[in-house]
Amino acid sequence: MKILAVDYGDTRTGLAMCDRTEFLASPLGIITEKSFAKVAEKIVYASREYDAQMIVIGLPLNMDGSRGARAEKAEKLAATLRGIVPIPVELWDERSTTISAANILSANGTYGKKRKQVLDAVAAVVILESYMAYRKNQKERQQQNPSQDV
């Protein structure tokens, strides 16, 4: 299933997509936009352009698992998209994904202006990889225990 991942931000929103086999996640780019409505519109456009079958939006929970203002914005985006697109829209815990993305970029020697341009797209890849690993684990558990609901 082709899944579009979204790392929603106030100014920059990162997008990533996986292949149909859910093996490889790749960055698509950044939406540089402050308008909520325009961000939602561009995500809808990307989902159609890339033939996404699901959208996963990073849910930035606080480290204690509580919801703050950022999580509420992500939930609002998910609700908005659910009213527009005919595909599932899921929220996925994204705690520490930006830190992981920054570490990946540091390991690859990406700094300065170039880093700022790709950080959110790489964070979307980290969100998507985490979600894909969860889905793979769920499929394996169902295969091992076909009579149990997972």
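This is a predicted model, so every value here is computed, not measured.

> I would appreciate a short explanation of the overall build of the protein chain in the present structure.
The helix and strand tally for the protein chain stands at four helices and five strands. Each helix and strand of the protein chain, ordered N terminal to C terminal, gives the series β-β-β-α-β-α-β-α-α. Classification of the 150 residues of the protein chain by burial places 43% in the buried group. Contacts spanning at least 24 positions in sequence make up 61% of the contacts within the protein chain whose residues lie at least 6 apart.

> For this particular structure, what's the right way to read helix H2 (residues 69-82)?
For H2, spanning 14 residues, the distance from its first C-alpha to its last is 20 Å, which sits close to the expected 20 Å at 1.5 Å a residue. Within the sequence span of H2, burial applies to Ala71, Ala74, Leu77, Ala78 and Leu81. What you see down the axis of H2 is that its buried residues fit within an arc of 120°, all on one side. Residues of H2 that are exposed and point over 90 degrees away from its buried face: Ala69 and Glu72. Considering only its buried residues, H2 is in contact with strand E1 (3-7), helix H1 (36-49), strand E4 (54-59) and strand E5 (89-93).

> What am I meant to see in the sheet that holds E4 here?
Consider a sheet: its strands pair through backbone hydrogen bonds, and that pairing is either parallel or antiparallel. Sheet architecture is open: five strands sit in the order E3-E2-E1-E4-E5, paired in mixed fashion. The strands lining the two open edges of the sheet, one partner per strand, are strand E3 (25-32) and E5. Geometrically, the sheet is characterised by an average inter-axis angle of 25° between neighbouring strands, direction not taken into account. Relative to E3, strand E2 (residues 12-18) is paired through seven bridges, and the arrangement is antiparallel.

What counts, and where the lines are drawn
Starting from 1, residues in each chain are numbered consecutively following that chain's sequence as written. For a predicted model such as this one, the threshold for reporting local features is a pLDDT of at least 70, and the threshold for listing and counting side-chain atom pairs is 80 or more; totals across whole chains, interfaces and linings nevertheless cover every residue. To get the side-chain values, all heavy atoms of the structure are used, and hydrogens and water are removed first. The helix and strand labels rest on DSSP assignments: H or I over at least four residues marks a helix, E over at least two residues marks a strand, and numbering proceeds from the N terminus. Only protein chains enter the area calculation, which uses a 1.4 Å probe; residues under 20% of their type maximum are buried, those over 50% are exposed, and those in between are partly exposed. In this analysis, two residues are considered to be in contact whenever any of their non-hydrogen atoms come within 4.5 Å of each other. The length a helix should cover is 1.5 Å for every residue beyond the first. The directions from the helix axis to the C-beta atoms form the arc being described. Pairing between strands is defined by DSSP: at least two bridges between them are needed. The convention used is that axes are lines fitted to C-alpha atoms, helices contributing only their stretch in contact, and that angles between N-to-C directions extend from 0 to 180 degrees.

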